[in-house]
Amino acid sequence: MHKIKDILLNTKPTFSFEFFPPKTEEAERKFKLSLLDLKRLKPDFVSITYGAGGSTKEKTEALVIEIQNQDLLVSMAHLTCIGSSKEEIGFLLNQYKKANIQNIMALRGDLPKNKDIHLVNDFRYAYELIQWIKLQYNDFFSIGAACYPEKHPEAKTLKEDIEYLKLKVDSGADFLITQLFYDNDKFYLFRDMARKMGIHVPIIAGIMPITNYQQIQKFTQMVQCHIPKNLEKLIEKYKDSQEDLLKVSIEYSIQQCEDLINNDIDGIHFYTLNQSNATYLILSELKKIYQKNLNLYE
Ligand code: FAD
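Here we summarise the structure given alongside this text. Predicted model only: the values in this text are computed from it and were never measured.

**Things to note about the pattern of salt bridges**
Move 1: This structure, assessed with the given rule, holds 21 salt bridges.
Move 2: The residue Glu28 makes a salt bridge to Lys59 at a minimum N-O spacing of 2.9 Å. Residue Glu28 is found in helix H2 (residues 25-39), and its partner Lys59 is found in helix H3 (residues 57-69); the two are separated by 31 residues along the sequence.
Move 3: Taking relative accessible area as the criterion, Lys59 reaches 32% and is therefore assigned partly exposed.

Right, dumping it as structure tokens:
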């Protein structure tokens, strides 16, 4: 089974990993080791990000195909459309189709900081990309789209953001993956609103284990996500000890995922940052806890 939308029909929750294309030989070596490590946990799928403005186009494509053909894992290619022409996007999608890659994470991408840059504007929003993929390729691709439990930073309100999210689903998105979040209550609120507003596709939670103090400050500011008080206290307390920080953050993520599983989550997608250590410990612990009722071990 290659399509994530079909996997989601048969497996609940799914577990998956996200990687980014490494830039140097050393980073490539680390990425390969992480993938090898995490493969042992038999993920339901693996996804590879797409650098802003298509900066990793060839690298993303090569990795997605390699992971599916050599590592025998279901893989998904992220694809952003802002600043790209239909011709460029079509060329890439044809390559994926030829290689039998059937899963695309269809995104707009971040707008460039320099507003004076002239962009090709064949696509302005992700829903237009999704509509176009459907029109050109019918049902060949299973399409994922991004969602934001604490709203996208450009959106005025969560309600408005969910209205646009519905447009992505109505355009053909088969499942959604959330931006990283640490506050499950905010996620449940978002999911309830989305369901009430007519969004019924699976919503997969994006989880990023905290492995580094500076990094988490940077990410949470960038995506504007709330850190609950108890987690903030822990991070502050252990910020000078990498080892302790990792230990408490792993415990936090395990509890966060347990709570999500107990509240009927469709899937958990780990933002691995190409490191296996934390994700491996979290998922293997979850598998131990849920071994029986989820039938996770063969
Ligand atoms: P859209 O869904 O188009 O939304 C963008 C903004 O426009 C939102 O504020 C929305 O409310 C608003 N909007 C939508 N439709 C309309 C409309 N019709 N009229 C007015 N406003 C509208 N970025 C990368 O560069 N590479 C990646 O690989 C990547 N992977 C990601 C994976 C996940 C799971 C997530 C959550 C994000 C990822 N991103 C990635 C980041 C993403 O590209 C940015 O968050 C980007 O700013 C928005 O992309 P989108 O697809 O959500 O856009």
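**Overview of the state of the cysteines**
Move 1: Taken as a whole, this structure holds zero disulfides when the rule is applied.
Move 2: Cysteine Cys257 is unpaired, with the sulfur of Cys225 as its nearest cysteine sulfur at 14 Å.

**Section: the packing of aromatic side chains**
Move 1: Applying the stated rule across the entire model yields ten aromatic pairs.
Move 2: With centroids separated by 5.3 Å and ring planes inclined at 85 degrees, the aromatic side chains of Phe19 and Phe31 adopt a geometry described as edge-to-face. One end of the pair, Phe19, is in strand E1 (residues 14-19); the other, Phe31, is in helix H2, with twelve residues separating them in the sequence.
Move 3: On the basis of an interplanar angle of 20 degrees and a centroid distance of 6.3 Å, the ring pair of Tyr125 and Tyr127 is categorised as stacked.
Move 4: When its relative accessible area of 43% is taken as the criterion, Tyr125 is described as partly exposed.
Move 5: Members of the aromatic cluster, joined through ring pairs, are Phe181, Phe187, Tyr188 and Phe190.
Move 6: The ring of Phe140 carries the charged tip of Lys97 above its face, separated from the ring centre by 5.4 Å.
Move 7: A cation sits over an aromatic face here: Lys218 above Phe219, 5.8 Å from the ring centre.

**Digging into the site of the ligand**
Move 1: Among the 25 residues in the neighbourhood of the ligand, the closest are listed as Tyr50, Asp110, Tyr148, Asp161 and Lys168.
Move 2: One of the side-chain N or O atoms of His78 is found 3.0 Å from an oxygen atom in the ligand.
Move 3: Note that an oxygen atom of the ligand is positioned 2.6 Å from one of the side-chain N or O atoms of Asp161.
Move 4: If the ligand stood free it would expose 980 Å²; the protein chains cover 88% of that surface.
Move 5: Of all the elements in the fold, those that place two or more residues in the shell around the ligand are strand E3 (75-80), strand E4 (103-107), helix H5 (126-137), helix H6 (158-171) and strand E6 (175-180).
Move 6: Considering each element in turn, the shell around the ligand owes the most residues, four residues, to H6.
Move 7: Here the residues of the shell around the ligand sort into 13 nonpolar, seven polar and five charged.

**Considering the sheet that holds strand E7 (residues 203-207)**
Each strand in a sheet pairs with its neighbour through backbone hydrogen bonds, running either in the same direction (parallel) or in the opposite one (antiparallel).
Move 1: Spatially, the eight strands close up into a barrel ordered E1-E2-E3-E4-E5-E6-E7-E8, and their pairing is parallel. Strand-to-strand twist in this sheet, taken as the mean axis angle between neighbours without regard to direction, amounts to 25 degrees.
Move 2: When E7 meets strand E8 (residues 267-271), the two strands line up parallel, connected through four bridges. Within E8, the position partnered with Ile207 by the bridge is Phe270.
Move 3: This element, helix H4 (residues 86-98), spans E3 and E4 of the sheet and lies at about 175 degrees to E3.

**Focus on the pairing of E6**
Move 1: Judged by how many residues are buried, E6 sits mostly within the fold: five of six residues are covered.
Move 2: Bridge count between strand E5 (residues 142-147) and E6: four bridges; the pairing is parallel. Of the residues in E6, the one forming a bridge with Gly144 is Phe175.
Move 3: At this point the chain moves from E5, through H6, to the parallel E6, and the crossover so formed is right-handed.

Cut-offs and rules
- Residues numbered from 1 in each chain as written.
- Predicted model: local features only at pLDDT ≥ 70, side-chain atom pairs only at ≥ 80, totals over all residues.
- Heavy atoms only, no water.
- Salt bridge = Lys/Arg side-chain N within 4 Å of Asp/Glu carboxyl O.
- Helix = DSSP H or I, 4+ residues; strand = E, 2+ residues; numbered from the N terminus.
- Buried < 20%, exposed > 50% of the residue type's maximum accessible area, 1.4 Å probe, protein only.
- Disulfide = S-S within 2.5 Å.
- Phe/Tyr/Trp six-rings, centres within 6.5 Å; stacked < 30°, edge-to-face > 60°.
- Lys NZ or Arg CZ within 6 Å of the ring centre and 35° of its normal.
- Near = heavy atom within 4 Å.
- Polar contact = N/O pair within 3.5 Å; in protein donor to acceptor, adjacent residues only side chain to side chain.
- Areas by Shrake-Rupley, 256 points an atom, 1.4 Å probe, with all protein chains shown as cover.
- Nonpolar A, V, L, I, M, F, W, Y, C, P; charged D, E, K, R; others polar.
- Pairing = 2+ DSSP bridges.
- Axes fitted to C-alpha atoms, helices over the stretch in contact; angles between N-to-C directions.
- Contact = heavy atoms within 4.5 Å.
- Right-handed = clockwise from strand over helix to strand, strands pointing away.

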